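What follows is the residue order along each chain.
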Amino acid sequence: PPQPGIPEASVADEAVHENDAATAGAGPASVVPVPTSRAAYRRRGYRVVELIARRAGVPVVPLLRQARLTADQRGLARDARRCNVAGSMRATDAAGRRILILDDVATTGATLAEAARALREAGAEVVGAAVVAATPRRTASVMRHPETRA
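Residues numbered from 1 in each chain as written. Predicted model: local features only at pLDDT ≥ 70, side-chain atom pairs only at ≥ 80, totals over all residues. Heavy atoms only, no water.

Attention now goes to the nonpolar core. The tendency in soluble globular proteins is for nonpolar side chains to be buried side by side. If you look at the biggest cluster of nonpolar residues, it comprises 18 residues, and the most contacted ones within it are Leu-64, Ile-99, Ile-101 and Leu-119. At 5 residues, the largest contribution of residues to this core is made by helix α5 (residues 110-121). When residues no more than four places from it in sequence are discounted, the contact partners of Ile-101 are Val-32, Val-34, Leu-112, Ala-115, Ala-116, Leu-119, Val-126, Gly-128, Ala-129 and Ala-130. Val-31, Val-49, Val-58 and Leu-100 belong to the second largest nonpolar core, which has 8 residues in total. (Core = buried A, V, L, I, M, F, W, Y, C linked by side-chain atoms within 4.5 Å. Buried < 20%, exposed > 50% of the residue type's maximum accessible area, 1.4 Å probe, protein only. Helix = DSSP H or I, 4+ residues; strand = E, 2+ residues; numbered from the N terminus. Contact = heavy atoms within 4.5 Å.)

Further remarks concern the sheet that holds strand β1 (residues 30-33). Sheet strands pair by backbone hydrogen bonding; their relative direction is either parallel or antiparallel. Taken together, the 3 strands give an open sheet; going across it, the order is β1-β4-β5, and neighbouring strands pair in parallel fashion. Edge positions in the open sheet fall to β1 and β5 (125-134), since each of these has one partner strand only. Neighbouring strand axes in the sheet, compared pairwise and without regard to direction, differ in orientation by 30° on average. In this sheet, strand β4 (residues 98-106) lies alongside β1 in parallel orientation, the contact comprising 4 bridges. Looking across to β4, one finds that Val-31 is bridged to Leu-100. Against the sheet, helix α3 (residues 48-56) makes contact with β1, β4 and β5, and its axis sits at roughly 110° relative to β4, the strand it touches most. Sitting on the sheet, α5 is in contact with β4 and β5, with an inclination near 160° to β4. (Pairing = 2+ DSSP bridges. Axes fitted to C-alpha atoms, helices over the stretch in contact; angles between N-to-C directions.)

Here the focus is the pairing of β4. Within β4, 7 of the 9 residues are buried, which leaves the element mostly enclosed by the surrounding structure. Taking the sense of rotation as the criterion, the β-α-β connection linking β4, α5 and β5 turns out right-handed. (Right-handed = clockwise from strand over helix to strand, strands pointing away.)

Okay, the side chain of Ser-30 next. Within the secondary structure layout, Ser-30 lies in strand β1. With relative accessibility at 15%, the residue Ser-30 sits in the buried group. Those residues in contact with Ser-30, other than ones at most four positions away along the chain, are Val-61, Arg-97, Arg-98, Ile-99 and Leu-100.

Shown next, in the form of structure tokens:
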């Protein structure tokens, strides 16, 4: 049955099928979730990305792991987020695989970029990324004129 807040149509599933159509004959892409920190897992009791994929019926291959601890990304500026996650992930058994990275939210793209770096370093071909939600980029005009926010 449908769950509140979980769409019946899967963004990741659609992205996998669009990717397959765009690269016919190149082989299927494995969907790789961005890893959840141990602290977040202990706090929530589940891994958000893997739960979303499971409920959407999208099989995932957990090839990424955290190589070191990172600070909470909330409240960090773009450059600070990039520095915070730099070198924080490692991939295993990725050589020769085509990969679609799956995450719950994209804010600045720093986490997705780090995941892609780790997978490519391990020999994978990253063909794309899918997220459930993306935060809008704040521009200088929006920050100067908050009344224009929707």
